Amino acid sequence: MDIRHASATSSRAGRIARIAIRCLLSFQLFILSLHSVFAADWSDEVVYFVLTDRYADGDSGNNRGVDRRNPGGFHGGDLKGLTQQLDELADLGITALWINPVQKQIDKGFYASAPANLGIPEFRHFGFHGYWIDDFETLDPHFGTLADLKHLVDEAHKRNIKVLLDVVYNHAGYGSHYASRRTADGQSWLRTVEGNCDVDPLTCNVGGLPDFRTELPEVRDYLLDANLDLARKAGVDGFRLDTFKHIGTDFWLEHRRRTRAAFGNDFFLLAEYWGGDAGSLDPFFARDEVDAGFDFGFKGNCESFVNGRGRAVAYGNYLASRHKVRKGYLLAHYLSSHDEPMALYDLHNDKDKFRICAAIQLTSLGLPVIYYGEEVARAGSVWPLNRTDMPWGERDIKPGKGKSRDEGMRAWYKQLLHIRSHHSALRRGDYTLLSGAQDKLLAYARSDASSGDSILVLVNREPQAQEAAFTLPEIWHGKPLMDELQHTSLLPFSGKLQLRMAPESVRIFGIASGKAEH
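The rules behind the values
- Each chain has its residues counted from 1, running along the sequence as written.
- Residues qualify for local features only when their pLDDT is at least 70, as the model is predicted, and side-chain atom pairs are given and counted only at 80 or more; totals for whole chains, interfaces and linings, by contrast, use all residues.
- The basis for every side-chain value is the complete set of heavy atoms in the structure, and neither hydrogens nor water enter the calculation.
- Each helix is a run of DSSP H or I of at least 4 residues and each strand a run of E of at least 2, with the numbering of both proceeding from the N terminus.
- Values of the radius of gyration come from C-alpha atoms, whereas the globule rule sets the reference at 2.2 Å times the count of residues to the power 0.38.
- Buried, partly exposed and exposed residues are distinguished by accessible area as a fraction of the type maximum, computed with a 1.4 Å probe on protein chains only: under 20%, between the cut-offs, and over 50%, respectively.
- Contacts are residue-level and defined by heavy atoms, with any inter-residue pair within 4.5 Å sufficient.
- Only the protein chains shown count as cover for residues, and all accessible areas are computed by the Shrake-Rupley method using a 1.4 Å probe.
- One requirement defines pairing of two strands: DSSP has to find at least two bridges between them.
- The axes used here are C-alpha line fits, helices contributing only the stretch in contact, and every angle between their N-to-C directions lies in the interval 0 to 180 degrees.
- Each angle gets one of four labels, with under 35 degrees taken as roughly parallel, over 145 as roughly antiparallel, 65 to 115 as roughly perpendicular, and the rest as oblique.
- Put simply, a crossing is left-handed when the front helix is turned counterclockwise from the back one by less than a right angle, and right-handed when it is turned clockwise.
- Under the scheme applied here, ten amino acids are nonpolar (Ala, Val, Leu, Ile, Met, Phe, Trp, Tyr, Cys and Pro), four are charged (Asp, Glu, Lys and Arg), and all others, including Gly, are polar.
- In the cavity and pocket records, a cavity denotes points on a 1 Å grid over the protein atoms alone where a 1.4 Å probe fits but cannot get out, a pocket denotes an open set with protein on both sides within 12 Å along at least 5 of 7 lines, and lining residues are residues with an atom within 4 Å of a point.
- Grid points are joined across faces, edges and corners, and a volume is the space filled by probe spheres set on the points.
- Defined by distance alone, a disulfide is two cysteine sulfur atoms within 2.5 Å.
- Pairing of aromatic rings covers Phe, Tyr and the six-membered ring of Trp, with a centre-to-centre limit of 6.5 Å; geometry is then stacked below 30 degrees between planes, edge-to-face above 60, and tilted otherwise.
- Note on criteria: charge over ring means Lys NZ or Arg CZ within 6 Å of the ring centre, with the direction from the centre no more than 35 degrees off the ring normal.
- Confidence of the prediction at every residue is given by pLDDT, a number between 0 and 100.
- Salt bridges are identified by distance alone: a Lys or Arg side-chain nitrogen within 4 Å of an Asp or Glu carboxyl oxygen.
- Polar contact is defined as a pair of N or O atoms within 3.5 Å, subject to the rule that within protein one atom must be able to donate a hydrogen and the other to accept it, and that residues adjacent in sequence are counted only when both atoms are side-chain atoms.

Caption draft 1: Representation of the overall build of the protein. Helix and strand counts for the protein stand at 13 helices and 22 strands. Whereas a compact globule of 518 residues would reach a radius of gyration of roughly 24 Å, the protein reaches 25 Å, a difference of no more than 12%. Principal-axis analysis of the C-alpha atoms gives the protein an extent of 90 × 80 × 45 Å. Counting the 518 residues in the protein, one finds 55% classified as buried. Sequence-distant contacts, at least 24 apart, represent 72% of the contacts inside the protein between residues at least 6 apart. As presented, the protein carries roughly 21800 Å² of accessible surface, and 53% of it is formed by carbon and sulfur atoms.

Caption draft 2: Molecular detail of the sheet that holds strand S16 (residues 442–448). Read across the open sheet, the six strands follow the order S15-S16-S17-S22-S19-S20; overall the sheet is antiparallel. Edge positions in the open sheet fall to strand S15 (430–433) and strand S20 (489–490), since each of these has one partner strand only. Pairing of S16 with strand S17 (residues 453–460), which is carried by seven bridges, proceeds in the antiparallel orientation. By the bridge assignment for S17, Asp448 is matched with Asp453.

Caption draft 3: Examining the packing of helix H11 (residues 351–361) against helix H12 (residues 407–421) more closely. Where H11 meets H12, the axes come as close as 10 Å, and the angle between the chain directions of the two elements is 20°. The pairing of H11 with H12 is recorded here as roughly parallel in orientation. Considering the relative orientation of H11 and H12, their crossing is right-handed. Residues Lys351, Phe354, Arg355, Ala358, Ala359 and Gln361 of H11 form the contact with H12, whose own contacting residues are Met409, Trp412, Tyr413, Leu416 and Arg420. Here the contact of H11 with H12 is built from residues that sort into seven nonpolar, one polar and three charged.

Caption draft 4: Summary view of the layout of surface pockets. Roughly 590 Å³ of volume is contained in the largest pocket. Val206, Leu209, Thr243, Glu272 and Asp339 are the residues nearest the centre of the largest pocket, which is lined by 24 residues in total. Per-class residue counts for the lining of the largest pocket are eleven nonpolar, eight polar and five charged.

Caption draft 5: Local environment of the pairing of strand S2 (residues 96–99). Burial along S2 is two-sided: Ala96 and Trp98 facing one way and Leu97 and Ile99 facing the other are all buried. Both S2 and strand S7 (residues 162–167) contribute to a ladder of four bridges, which runs parallel. Across the sheet, the residue bridging to Leu97 is Val163, located in S7.

Caption draft 6: Spotlight on the state of the cysteines. For the structure shown, the criterion picks out two disulfides. Paired by a disulfide, Cys197 and Cys204 hold their sulfur atoms 2.0 Å apart. One quick way to see it: the torsion about the S-S bond of Cys197 and Cys204 is about 95°, and its sign makes the bridge right-handed. Disulfides within the protein link the bonded cysteines, taken in sequence order, as 1-2, 3-4.

Caption draft 7: Broad picture of the packing of aromatic side chains. Overall, the coordinates contain 35 aromatic pairs when judged by the stated rule. Ring plane angle 65° and centroid distance 5.4 Å describe the contact between Phe110 and Tyr174, whose orientation is recorded as edge-to-face. One end of the pair, Phe110, is in strand S4 (residues 110–112); the other, Tyr174, is in the loop between S7 and strand S8 (190–191), with 64 residues separating them in the sequence. What makes Tyr174 partly exposed here is its relative accessible area of 24%. In this arrangement the basic side chain of Arg54 is found over the ring face of Phe128, its NZ or CZ atom lying 3.6 Å from the centre. Its guanidinium or amino end placed over the ring of Tyr111, Arg124 lies 5.8 Å from that ring's centre, counting from NZ or CZ.

Caption draft 8: Structural view of the environment of His323. Looking at the secondary structure, you find His323 in the loop between helix H9 (312–321) and strand S13 (330–334). Classification of His323 by relative accessible area gives partly exposed; the value is 26%. Here the alpha-carbon distance between His323 and Ile511, two residues 188 residues apart in the chain, equals 23 Å. When neighbours within four sequence positions are excluded, His323 is seen to be in contact with Leu365, Gly429, Asp430, Tyr431 and Arg446.

Caption draft 9: Representation of the confidence of the model for the protein. Put simply, the protein has an average pLDDT of 92, and 91% of its residues get 70 or more. Note that residues 23–36 has pLDDT below 50 and, in this model, ten contacts with residues that lie over four places away or in other chains. Per-residue pLDDT stays below 50 along residues 514–518; that stretch engages in 14 contacts with residues further than four places along the chain or on separate chains.

Caption draft 10: Layout of the pattern of salt bridges. A full pass over the atoms with the stated rule returns 47 salt bridges. Two residues, Arg355 and Asp352, come together in a salt bridge whose shortest N-O distance is 3.4 Å. Separated by three residues within a single helix, Arg355 and Asp352 lie in helix H11, roughly one turn from each other. Salt bridges here are not isolated pairs; linked through shared partners, they connect Glu88, Asp91, Arg395, Arg405, Glu407, Arg410 and Lys414.

Caption draft 11: Spatial organisation of empty space enclosed by the protein. For the structure on display, the rule yields three cavities of 30 Å³ or more. The volume enclosed by the largest cavity comes to roughly 110 Å³. Taken together, 15 residues make up the lining of the largest cavity; nearest its centre are Trp98, Phe294, Tyr334, Ser337 and His338. Looking at side-chain class alone, the lining of the largest cavity contains eight nonpolar, three polar and four charged residues.

Caption draft 12: Broad picture of the side chain of Ser364. Secondary-structure assignment places Ser364 in the loop between H11 and strand S14 (367–371). Looking at Ser364, its side chain comes within polar contact range of the main-chain oxygen of Ile360, at 2.6 Å. Apart from the residues lying within four places of it in its own chain, the contact partners of Ser364 are Phe298, Leu319, Arg322, His333, Arg420, Leu426, Tyr444 and Arg446.

Caption draft 13: Spotlight on the environment of Ser494. With respect to the helices, strands and loops of the structure, Ser494 is situated in the loop between S20 and strand S21 (496–501). We classify Ser494 as exposed; its relative accessible area is 62%. Between the C-alpha atom of Ser494 and that of Leu472, which follows or precedes it by 22 residues, the distance is 9.4 Å.

Caption draft 14: View of the sheet that holds S2. One closed barrel accounts for eight strands, arranged S1-S2-S7-S10-S11-S12-S13-S14; its pairing is parallel. Pairs of neighbouring strands in the sheet enclose a mean axial angle of 25°, with direction left out of account. Judged from the four bridges that link them, S7 and strand S10 (residues 238–241) form a sheet pairing that is parallel. Bridge pairing in S10 links Leu164 to Gly238.

Next comes the structure, spelled out in structure tokens:
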């Protein structure tokens, strides 16, 4: 080949490559701009997650097979009962309700063994949790009817509470009738070879559950149509997406397209990507597959901090790292869940440490998720006892009637939720770590430039009282501080805050004058 021709060809190839890169960058910016215009913004929300069967029984007529002595059985909670307790949740201060899947579950229960240290004999495990679906087009009668679900959503909306419906696309229940379904060209709808989820998360059977072949158009369309039809009829505000990492990107992009076409641009999608954090979730945010994902590290990091592991400044830097999440997307952070041990159990039932974690959770960036009963110190531990009944004390509400609850803990949560709701700095603000390398106390400031709102958080995890002495950001200089928890004010001296912190305590300060929201 002539050298001059090769050089010209190389030059043209370089120009084409540069143009292609510019086009790709422009497309990515276009996607981001679309998200900023169209995305559901749940920055102001606090989510309360309920296993419906464990919360409140409002209809004894659907209690077929209920056995409250069985930790893996149905206990009788239903959509009617949950609806009847919405005032309890509105009074607490939550703004969104996440409920487990409600479609028809497999009838069969399977023998299961709890960890030996729990002392629980072998029991039969049923689909009370909602994730073992046998029919995507019918509601499970244990939970209620479609009319019950729609009534729950309508009543929640009257109280300014959004409803997030948990949906499953990845798998069917064990032995479900979908095992016999075939596509028009004879292909099975399900994969039943278990596989290895560490090697190939897309084709493995998670927990041995039969895996839907969502790459087949007929299977994909059926699942999408069934879940979207339920959402349309009930009027929910978004989906929590179960087992997100076990389905491919092509499916989720189509899912985003269809949900927006069906429900509008503010239909919220929250992904359960197991082990997710700001880094591992970012590719899905970059492609705008979802609006938020769970932050699986928050729970363990807070438990380690309050147990005295590491320096305060190291934990403060971890909290700062959470602000690296892509703009316009959210990390949903929690302390307990139905799949992990209860935080209070992990902390050996030390309620002072638990209160600290709750305060950090509700003064941190993201979408806080409260697992039902945490706000009243619900007793529980590891599976299956992380799915115990909602405690109602002496109130005549089954299945948790007579189970003790801590009203002081509920008052603490209610106070924290009130503070968060009245300070945009806690919901949208940036983060400044004030703790230094040698400080025993954790201190950080949150500031929202658009509203002028600022909040200062001080945490003493030590079992002894500690002296706090921090230089405040300039915005705080010369201004009196309002103690948001104790409703007292103090005036820093020469831009420095000095006070004595009680053992294992939290102080939250706002600026007493200026543009704070209340």
